[in-house]
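Residues per chain, in single letters:
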Amino acid sequence: MASRFDTVIRNGRWFDGTGARSAVRNIGIKDGHISAISAEALEEANCPNVIDATGKWVLPGLVDVHTHYDVEVLAAPALSESVRHGVTTVLLGSCSLSVVHVNGVDAGDIFGRVEAIPRDHVIGAVDQHKTWTNAHEYVAALESLPLGPNIATFLGHSDMRAAVMGLDRATRKNERPTPGEQAQMDRWLTEALDAGFVGMSSQQLLFDKLDGDICRSRTLPSTYAKSRELRKLKSQLRQRNRALQSGPDIENPFNVLSQAVQSLGILRKRLSTSLLSAADIKANPYAIRAMGPLARVINKLGGNFRWQHLPVPFEVYADGIDLVIFEEFGAGAAALHLRNEVERNELLRDETYRRRFRKEYESKFGVRVWHRDFFDAEIVACPDASVIGKSFGQVGVDRGGLHPVDAFLDLVLEHGTAIRWRTTISNHRPEVLKQLARDPGIQIGFSDAGAHLRNMAFYNFGLRLLRHVHEAQRAGRPFMTVEQAVYRLTGELADWYQIDAGHLRIGDRADLFVVDPERLDGTLTEYAEQSVAAYGGLSRMVNRNDATVSTVLIGGQAVVVDGRPADILGKRRTGSFLRAAEKVPAVATGRVSVEN
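Residues numbered from 1 in each chain as written. Predicted model: local features only at pLDDT ≥ 70, side-chain atom pairs only at ≥ 80, totals over all residues. Heavy atoms only, no water.

Asks: Talk me through the pairing of strand 8 (residues 150-156); I want residue IDs and the actual numbers.
Replies: When you tally the buried positions in strand 8, you get 7 out of 7 residues, the bulk of the element. Burial along strand 8 is two-sided: the face carrying Asn150, Ala152, Phe154 and Gly156 and the face carrying Ile151, Thr153 and Leu155 are both buried. Two strands pair when backbone bridges link them, and strand 7 (residues 87-92) and strand 8 are joined in this way by 4 bridges, in the parallel orientation. Bridged to Val90 within strand 8 is Ile151. Note that strand 8 and strand 9 (residues 199-201) share 3 bridges and pair parallel. (Buried < 20%, exposed > 50% of the residue type's maximum accessible area, 1.4 Å probe, protein only. Helix = DSSP H or I, 4+ residues; strand = E, 2+ residues; numbered from the N terminus. Pairing = 2+ DSSP bridges.)

Asks: Please provide a residue-by-residue account of the sheet that holds strand 8, values included.
Replies: Sheet strands associate in pairs through backbone hydrogen bonding, adopting either a parallel or an antiparallel arrangement. Read across the open sheet, the 8 strands follow the order 6-7-8-9-10-11-12-16; overall the sheet is parallel. One side of each edge strand has no neighbouring strand; the edge strands of this open sheet are strand 6 (62-64) and strand 16 (442-444). Direction aside, the axes of adjacent strands within the sheet are offset by 25° on average. As defined by bridge partners, strand 11 (residues 272-275) adjoins strand 12 (residues 305-309) across 3 bridges and the pair is classed as parallel. The residue bridging Thr273 from the neighbouring strand is Phe305, located in strand 12. In this fold helix 9 (residues 227-240) packs onto strand 9 and strand 10 (243-246), with an angle of close to 150° to the strand it touches most, strand 9. (Axes fitted to C-alpha atoms, helices over the stretch in contact; angles between N-to-C directions. Contact = heavy atoms within 4.5 Å.)

Asks: Tell me about the UniProt feature "domain: Amidohydrolase" (unreviewed entry) in the protein, residues and numbers included.
Replies: The UniProt record marks residues 50-228 with the feature "domain: Amidohydrolase" (unreviewed entry), using the residue numbering of this structure. Within the segment residues 50-228, helix and strand shares are 37% and 15% respectively, and the terminal C-alpha atoms sit 57 Å apart. (UniProt positions renumbered as here; feature names shortened; annotations may be inferred.)

Asks: For helix 8 (residues 179-194), give the residues involved together with the corresponding values.
Replies: Taking 1.5 Å as the rise per residue, helix 8 with 16 residues should run 22 Å; its terminal C-alpha atoms sit 22 Å apart, in good agreement. Inspection of helix 8 places Glu181, Gln182, Met185, Trp188, Leu189, Ala192 and Leu193 among the buried residues, and these make up the whole buried set. Considered in projection along helix 8, the buried side chains sweep an arc of 135° and stay on one side of the axis. On its buried side, helix 8 packs onto helix 5 (135-143), strand 8, helix 6 (157-165), helix 7 (167-170), strand 9 and helix 9. Gly196 occupies a position one or two residues after helix 8 and carries a positive phi of about 105°. (Expected span 1.5 Å × (residues − 1). Arc of directions from axis to C-beta.)

Next up, the structure:
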């Protein structure tokens, strides 16, 4: 006799992703969808998969709205580093970067340096897997892969601009797209929106630099676009009710304001705008005070504006001088411009260069992201064990009062990338993080998953927010309910981007995970690394808290079992391409046994 359900999840505390009150329920899954949610026991006879979730939470799969998995998904579509932490839907195409139209070499130049992904592997992945010539074929190519999570995507403006103008012309200040080239970008965006893309991403931030030889150290193509070029593209987004994701030029307050104001629908439809990023920056502790009020004013006037926000301390690691924060000032960018180690070391030894570095390090003028304090930079690995655990500033003191910059440069010259260090750039004040987590003008999600492989790991950012909320609640000092936190990480994001995800109700696709609230603990912040086969065995930072998330289902299929990726993850397709404003059926891949 056939079972009524393919999977039963027994006695878990169920959250539906709407913010409604949670309750202990039994959940039945059939044909990849939620078919029953009951306070009473469900029929388990002949059911092949029964999961006992007693004492655990059953949540809708998390939605990660800011990733750079565009390259990795081609070569390793499991995306297991996100999935194992309960993420069942990821958005590609952020920050004007996508691989819909560019060739492999241009993709390597665009992604390699700004996202710290090995350029040669970017080129190889795109050249090997690219079978598409337009957005519809790109979607078909994604759907032909054994996707782990669900995928939604923006179309990157830098992608379009580089493909239509050529990367060299697209990154020159005096060049503009011809009428024909502008029309081609308009057609490409139309095709993408027809194919179900959630919108377009652009970029005005000037710290992001190109890799390669011909255009090396120029900023991304999107930064060269004038308002007229972007206005024509944004008008499509307005008419189709799709989103714009962008990064402002933070050195230009008018640009930040204009990006927010563009969301307003004065004499035209409003533009749903998601902007980088709301962060409590150490270098400027007052900036965050303006972000929330700005969003509230814009939205009160009829806009649909959100800041993106990472809800955890923004801790970064670096091997030597290879870290994107050095791009924000001239001396740092000059060093990163040089790929040849001999040439770079010659520069770092030069006293004129060092004077420049010290001057820019000490300058109090201008907008900055990095606090530029080498006393707030801890060495965590080095061939010289005597410096481990110290800051560069302290090493300078120990070496006879060396300037912190000289201590840093000396150690980089001595040890190169073998010296590894860390610092926290932003989100360091827990009380401010609590305020941001509640702010309706802020979207939770800025993980950068798939990028900066040696520098950061925020794949479990959702779990870390849940820990923060749960611990405050247990301490008797709640700042939001767990239900509200779950909504902010799931249904709120899915609804804003108009994708079929983030909810756990009867009829919804069975994208969910089971979490043990007692294991929302210190394991979430422990350091870990894992080699990446798709990138030649490069060891990247990851998160490992296998006891926290015991089970993940995508489309009703178990992709994480007992805290570890299941055999089918990345081998059989469990995720779907989520088209904007469209309900998506689950992918039928057969049944997989789940151990109790």
